[in-house]
Amino acid sequence: MATDPFDAGAGGILRQPKAVWATAGASVVAFMGIGLVDPILPSIAQGLSATPSQVSLLFTSYFLITAFAMLLTGFVSSRIGGRKTLLLGLAFVVVFAGLAGTSGSVGELVGFRAGWGLGNALFVSTALAVIVGAAAGGSAAAILLYESALGLGMACGPLLGALLGNASWRYPFFGTAFLMAVGFLCITVFLKEQPRPAHRTSLLDPVRALGHGGLASAAVSAFFYNYTFFTVLAFTPFVLNMTPYKSGAVFFAWGVLLAVFSVIVAPRLQQRLGSLKVLGGSLALLAADVVVLGYGDHTTAVVCTVLSGAFIGVNNTVYTELALGVSDAPRPVASAGYNFVRWFAAAAAPYFAPKIEEWTDLHVPFVVAGATAVLGALVVLVRRNALTHEAEELEPRHATEDGVTVFAN
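Residues numbered from 1 in each chain as written. Predicted model: local features only at pLDDT ≥ 70, side-chain atom pairs only at ≥ 80, totals over all residues. Heavy atoms only, no water.

**Focus: the environment of Phe-123**
- Residue position: Phe-123 is located in helix 6 (residues 106-134).
- Distance in space between the C-alpha atoms of Phe-123 and Gly-89 is 4.7 Å, their sequence separation being 34 residues.
- With residues near it in sequence (within four places) discarded, Phe-123 still touches Thr-23, Ala-26, Ser-27, Ala-30, Leu-86, Gly-89, Leu-90 and Ile-187. (Helix = DSSP H or I, 4+ residues; strand = E, 2+ residues; numbered from the N terminus. Contact = heavy atoms within 4.5 Å.)

Shown next, in the form of structure tokens:
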């Protein structure tokens, strides 16, 4: 019988070593950094006399560096160990987040945000393996703790950005640097060095892993989906045009739905309907949601923005399981290859969405986002045979791991 990860007894999620809690706490802050700037994008544009397309480069530089860093993280961690990789990533975030708060131009801010992305990639890609390795009572509770950290960070990032950014757009960056410095100290004190992998990972191993048809299909579909995802995350704040407090509240609700549907709802839907049906249906609903967001009035746009978090949460979970299980490549290598592809869309969407608005009108960026979600669903439909093996294996995995899934970052 599977152990309940919420059990307060030995090995439950509440009875973990200090090293696990230290890493999970730092993970919350790392995930907060993704949506931190959402509520303050208009404030940054005003403070630095920049256009929406220029400010959106904060996401583009961040995720472009993150994409390339996916080829680097396994190479580094397999040579210097997980603990040192975490500390290196945290040090990068502390330095570049602090420098971002001192920026005198949007160009400087974009550059510092890129350095922040490198640090975040090194940290986040290593944190799950470290948590699982240091956890008590098996992987189920550890993975759930990591998932919970992700959801909490995605929900609280916009909230922290709003609370600090209401006084000055610079304060969220300084706040992140401070919190990550606390995380650095906690990991230094509580986390011992983890065993290194038996084999070192080369820079090209993730690319080679994409030679597997199923993994390549999951990555391409996720690429189109991520364009939709980050159109919502990076472009919608300009459309809503709300105060930092109100925008932060909207994206906090969005993050709560993302967390709940990722950790709780998605695994149950997969067990009942199968992964590919769940993914295809969720992508179709997300496409409809963003089109309505683009054409609706202000209240409709707010509701659709929050609602998109539910579909995004489901998609994140299913895509991750497909990516990590569809090929024979080691999970860290498969995850790196998959993320290398999909993060390019996260870099592209924040840049192209405001540009498309400049070239056309406010509605078209959301039509494009809806179309990319549909393309993601079509890839799943056309390549379902390559993905079917993993879809059939998900139910037994849920039965042995209490339905807990892993978000590959």
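**Quick notes on the packing of aromatic side chains**
- One pass over the structure, following the stated rule, counts 20 aromatic pairs.
- Centroid distance Phe-251 to Trp-254: 5.8 Å. Interplanar angle 70°. Geometry classified as edge-to-face. In this pair, Phe-251 and Trp-254 are both assigned in helix 11 (residues 244-273), three residues apart and thus about one turn of the helix distant. Comparing Phe-251 with Trp-254 shows no difference in burial state: the two are buried.
- Each ring, one from Phe-340 and one from Phe-344, has its centre 5.2 Å from the other, and the planes form 80°; the classification is edge-to-face. Here Phe-340 pairs with Phe-344, and both are found in helix 14 (residues 331-359), just four residues apart, close to one helical turn.
- For Phe-344, a relative accessible area of 25% corresponds to the partly exposed category.
- Here the guanidinium or amino end of Arg-113 rests over the ring plane of Trp-116, the centre of that ring lying 4.7 Å away.
- Above the plane of the ring of Trp-343 lies Arg-342, whose end atom (NZ or CZ) is 4.3 Å from the centre. (Phe/Tyr/Trp six-rings, centres within 6.5 Å; stacked < 30°, edge-to-face > 60°. Buried < 20%, exposed > 50% of the residue type's maximum accessible area, 1.4 Å probe, protein only. Lys NZ or Arg CZ within 6 Å of the ring centre and 35° of its normal.)

**Quick notes on the side chain of Thr-372**
- In this fold, Thr-372 is placed in helix 15 (residues 364-382).
- Judged by relative accessible area, Thr-372 falls into the buried class, the value being 10%.
- Not counting residues up to four positions away in its chain, the partners in contact with Thr-372 are Phe-224, Tyr-225, Tyr-227 and Thr-228.

**Describing a nonpolar patch on the surface**
- A cluster of nonpolar side chains, contributed by Leu-159, Leu-163, Tyr-245, Phe-252, Val-256, Val-260 and Ile-264, occupies part of the molecular surface with about 550 Å² of accessible area.
- Put simply, the parts of the chain that give the nonpolar patch at least two residues each are helix 7 (139-165) and helix 11.
- Broken down by element, the nonpolar patch gets its largest block of residues, five residues, from helix 11.
- When you line up the elements, Leu-163 lands in helix 7. (Patch = residues over 30% accessible without salt bridge, like charges linked within 9 Å, V, L, I, M, F, W, Y side chains within 5 Å. Areas by Shrake-Rupley, 256 points an atom, 1.4 Å probe, with all protein chains shown as cover. Salt bridge = Lys/Arg side-chain N within 4 Å of Asp/Glu carboxyl O.)

**With respect to the nonpolar core**
- Of all hydrophobic cores here, the largest spans 115 residues; its most connected members are Ile-44, Phe-63, Phe-123, Phe-173, Ile-187, Phe-230 and Trp-254.
- At 14 residues, the largest contribution of residues to this core is made by helix 10 (residues 213-240).
- With near-sequence residues (within four places) excluded, Phe-230 lies in contact with Ile-34, Phe-63, Phe-235, Trp-343, Ala-346, Ala-349 and Pro-350. (Core = buried A, V, L, I, M, F, W, Y, C linked by side-chain atoms within 4.5 Å.)

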